[in-house]
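One letter stands for each residue in the lines below.
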Amino acid sequence: MAGRVRQETATLTTSPSRSSRSPEPARRSRRRSGSLSGLPRWLFVPAAVTAVFILLPLVAMALRVDWGNFGALVTSESSRAALALSLRTALASTVLCVLFGTPMALVLARGSFRGLAVLRSFVLLPLVLPPVVGGIALLYTFGRRGLLGQWLEVLGIRIAFSTTAVVLAQTFVAIPFLVLSLEGALRTAGQRYEAVAATLGARPTTVLRRVTIPLVLPALISGSVLSFARALGEFGATLTFAGSLQGVTRTLPLEIYLQREDDADAAVALSLVLVVVAVVIVVATRTRQAEGAL
Amino acid sequence: MTSSPRLLIAALAAVGLLAAGCGSGSEAGSGSTGASTPAASASPAAPAPSSGAVTSGTATSATATSGTTTATSAAAATTSSGAATATSGASASGTITVFAAASLKATFTAIGETYRAENPGADVVFAFAGSSDLVTQLQGGAPADVFASADTNTMTKATDADLVTGAPVDFATNTLTIVTPPGNPAGITSFADLAREGVSEVICAPAVPCGSATKKVEDATGVTLTPVSEEQSVTDVLNKVETGEADAGLVYVTDATNAGAKVTAVPFAESAGAVNTYPIGVLRSSANAAAAQAFVDLVTGPQGQAVLEAAGFAAAG
């Protein structure tokens, strides 16, 4: 969006210096009619309301930031530990999402067997579940007395209250984002190239590696970035399942929630950091996606 | 290319936001509902409470246009009990909203029942949350009549922000206790046991009231705990112990009493060094200060104190 605005101002500033002024109004009117074709004008009013509704709270928050102490607030020991832990765990869970989500997306997009639709619904479930429900479910799976946890405990592996628990919680909530992005891309891409590759004698694994994955690479990247963003923002499941200890399980969202109790300024400053990271990630995804669409 | 699933995500997110918004909205707005309905049910059988006279006073000041005649009629009404209750019933019948610390949920709910029984036509709505959360909400303009905090620090925040009328009254105290999963499998018998090798204990983070109390005990005993988790609230600690994730946790005596057989409580003498005092006060934003004061009086009175004591709270002062 920023790119387009820049482009527009560029044409506006350069056009008067050019000798021919006539093509400019023509081009502008064409663009205007183009933007209105098929879209009723009134639609822009609710759209503008939506934009304001999303942006205004962020602006309001930014206005409350104590800029004089911003540096000190976001670089305190606990803040740095939380940010570092968040980035580390989100990266780890993104890797898990790619490793396990990609095969799932392929199975959902290309497979044909009974119960596929049901499987698809269940994969999407973490998307609609309240994170705290996810946390409880994980607790009764990997907790000390959980379904798997009790056996892991016997083997001397404790997941509860560890960084591993944070990664598991984040992966649980983030994986549908990758599966969803990738599955959609796989469906729209179709199977023509794969079919050709197969007729030329390529084995399925070769087709996957040389044709399918390169074909949906933009979607894979945007899906992983989105998963990363979701993992970074994970709160409820982490708090329920992993606990909260500085440097071990207290990620940035947990730190913000805790800081809010006794230092509202620090909470706002850290929130802004999280928003900035999220904006950077989302913008990166949208750009990737545009490339993918072309 | 992948616009349809993305749209789906966006739609889901929007629906989620909307639902969350409605939930909190109804909670905040519920204070004003039902203010008019119970007026008719004012029972003549109820005796005129001392606060009733105060209420009728405020009622007349609200209708100040009619001047002295109303004031005299209200004063006269207090002499004949039937008319007085009708007046007090009409003005004290409004719903009051009480913001109270999460640890007061069980006791205040019970006291609320008594309040309704004693004041026919009046109603009380509670919002239970972490004390700090509640102060933040009040500062943000949340409509409430009474605020009860789990520690004096938090109440000081409210009084500093000029949210409370008059001086808050201390009405209960709470102390910490160790809780373990049923049967105490790790064999914890003292506070020092928590620092033992191989014991994974969960405590509150220092930023929340139960955490600051824990910190006080640590400082007093010289025992440094290395918890596996510092939780955001006392209920989070209790949950981690109840589910058996942690070997032990530090919670309030009242939480342990409330949890019953789901945990084993291990009292320790050093807990006396960190006593949390609970203050309560009427809020400046209250539109029904007399009814709010009546609730405060009930909490600090013998009936309220009995309920609190049964739940494990100790008397204040």
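Residues numbered from 1 in each chain as written. Chains lettered and ligands numbered in written order. Predicted model: local features only at pLDDT ≥ 70, side-chain atom pairs only at ≥ 80, totals over all residues. Heavy atoms only, no water.

As recorded in an unreviewed UniProt entry, chain A goes by the name Molybdenum transport system permease, listed as coming from Nakamurella flavida. Regarding chain A, the relevant UniProt record gives this comment under Subcellular location (unreviewed entry): "Cell membrane". The Sequence similarities (unreviewed entry) comment attached to chain A in UniProt states, word for word, "Belongs to the binding-protein-dependent transport system permease family. CysTW subfamily." (UniProt positions renumbered as here; feature names shortened; annotations may be inferred.)

(A) Up close: the interface of chain A and chain B. Each partner contributes residues to the interface: chain A has 36 residues there, and chain B has 31 residues. Roughly 3000 Å² of surface becomes buried between chain A and chain B when both sides are summed, with 55% attributable to carbon and sulfur atoms. The interface formed by chain A and chain B holds three salt bridges in total. For the pair chain A and chain B, the number of links is nine residue pairs in polar contact (both at pLDDT 80 or more). (Contact = heavy atoms within 4.5 Å. Buried area = accessible area lost by both parts, 1.4 Å probe. Salt bridge = Lys/Arg side-chain N within 4 Å of Asp/Glu carboxyl O. Polar contact = N/O pair within 3.5 Å; in protein donor to acceptor, adjacent residues only side chain to side chain.)

(B) Examining the pairing of strand β1 (residues 95-101) of chain B more closely. Residue and element names in this part refer to chain B. The element β1 is largely enclosed, with a buried count of seven among its seven residues. Where β1 lies against strand β2 (residues 123-129), seven bridges are found, and the strand directions are parallel. Bridge assignment links Phe 99 to a residue of β2, and that residue is Ala 127. A crossover connection joins β1 to the parallel β2 through helix α5 (residues 105-118); in handedness this β-α-β unit is right-handed. Of the pairings in the sheet, the one linking β1 to strand β3 (residues 146-148) comprises three bridges and is parallel in character. Bridge assignment links Phe 99 to a residue of β3, and that residue is Phe 147. (Buried < 20%, exposed > 50% of the residue type's maximum accessible area, 1.4 Å probe, protein only. Helix = DSSP H or I, 4+ residues; strand = E, 2+ residues; numbered from the N terminus. Pairing = 2+ DSSP bridges. Right-handed = clockwise from strand over helix to strand, strands pointing away.)

(C) How the structure looks around the UniProt feature "transmembrane region" (unreviewed entry) in chain A. Residues and elements named next belong to chain A. Feature annotation in UniProt places "transmembrane region" (unreviewed entry) on residues 42-63, 83-109, 121-143, 155-182, 211-232 and 266-285, given in this structure's numbering. Between the first and last C-alpha atoms of residues 42-63 the distance is 31 Å; the span itself is 91% helix and 0% strand. Annotated as residues 155-182, this span is 71% helix and 0% strand, and its ends, taken at the C-alpha atoms, are 36 Å apart.

(D) Main features of the confidence of the model for chain A. The share of residues in chain A with pLDDT of 70 or more is 84%, and the mean pLDDT across the chain is 84. In this model residues 1-33 of chain A is a low-confidence stretch, pLDDT under 50, and it forms seven contacts with partners more than four residues away in sequence or in other chains. (pLDDT = per-residue confidence, 0-100.)

(E) Examining the pattern of salt bridges more closely. All chains considered together, the criterion is met by 14 salt bridges over all chains. Among the salt bridges present, the one from Glu 153 of chain A reaches Arg 144 of chain A, with a minimum N-O distance of 3.5 Å. Judged by relative accessible area, which is 26%, Glu 153 of chain A ranks as partly exposed. Judged by relative accessible area, which is 16%, Arg 144 of chain A ranks as buried. If you follow the salt bridges from partner to partner, you end up with Arg 144, Glu 153 and Arg 158 of chain A together with Asp 247 of chain B in one network.

(F) Quick peek at the side chain of Asp 133 of chain B. Structurally, Asp 133 of chain B is set in helix α6 (residues 131-139). Judged by its relative accessible area of 14%, Asp 133 of chain B is buried. A distance of 2.5 Å separates the side chain of Asp 133 of chain B from the side chain of Arg 260 of chain A, its partner in a polar contact.

(G) Highlighting the environment of Ala 161 of chain B. Residue and element names in this part refer to chain B. Relative to the assigned elements, Ala 161 resides in the loop between α7 (152-160) and β4 (164-174). Ala 161 sits in the partly exposed class, given a relative accessible area of 33%. Separated by 22 residues in sequence, Ala 161 and Gln 139 place their C-alpha atoms 7.4 Å apart.

(H) Representation of α7 of chain B in the model. All names here are of chain B. Among all positions of α7, only Thr 154, Met 155 and Ala 158 are buried. Down the axis of α7, the smallest arc covering the buried residues is 100 degrees, so these residues share one side. What points out from α7, more than 90 degrees from its buried face, is the exposed set Asn 153 and Asp 160. (Arc of directions from axis to C-beta.)

(I) Representation of the sheet that holds β4 of chain B in the model. Residues and elements named next belong to chain B. Pairing within the open sheet is mixed, and its five strands lie in the order β2-β1-β3-β10-β4. The outermost strands of the open sheet, each flanked by one partner alone, are β2 and β4. In this sheet, neighbouring strand axes are inclined to one another by 20 degrees on average, regardless of whether the strands run parallel or antiparallel. Pairing geometry for β4 and strand β10 (residues 276-283), over seven bridges, is antiparallel. Directly across from Thr 165, in β10, lies its bridge partner Val 282. The strands touched by α6 within the sheet are β1, β2, β3 and β10, with β1 carrying the most contacts at an inclination of about 135 degrees. Relative to β4, α7 is tilted by about 170 degrees, and along the sheet it contacts β3, β4 and β10. (Axes fitted to C-alpha atoms, helices over the stretch in contact; angles between N-to-C directions.)

(J) Representation of the state of the cysteines within the structure. Residue and element names in this part refer to chain B. Under the defined criterion, the tally for this structure stands at one disulfide over all chains. Disulfide partner of Cys 204: Cys 210, at an S-S distance of 1.8 Å. As the torsion about the S-S bond is roughly -95 degrees, the Cys 204-Cys 210 disulfide counts as left-handed. The exposure classification of Cys 204 matches that of Cys 210, with both residues buried. (Disulfide = S-S within 2.5 Å.)

(K) The sheet that holds strand β7 (residues 229-231) of chain B, seen in detail. All names here are of chain B. Taken in spatial order, the five strands of this open sheet run β7-β6-β8-β5-β9, and their pairing is mixed. Edge strands, defined here as strands with exactly one partner in the open sheet, are β7 and β9 (264-266). Neighbour to neighbour, the strand axes of the sheet diverge by 35 degrees on average, direction disregarded.

(L) Quick peek at the packing of aromatic side chains. Residue and element names in this part refer to chain B. Here the structure, examined in full by the defined rule, presents 12 aromatic pairs over all chains. Geometrically, the ring pair formed by Phe 108 and Phe 295 is edge-to-face, given 5.7 Å between the ring centres and 75 degrees between the ring planes. You can see Phe 108 sitting in helix α5 and its partner Phe 295 sitting in helix α11 (residues 289-300), a full 187 residues away along the chain. Residues Phe 108 and Phe 295 agree in their burial class; the two are buried. Following the ring pairs from residue to residue traces out a cluster consisting of Phe 108, Tyr 115, Phe 126, Phe 128, Phe 171, Tyr 278, Phe 295 and Phe 313. (Phe/Tyr/Trp six-rings, centres within 6.5 Å; stacked < 30°, edge-to-face > 60°.)

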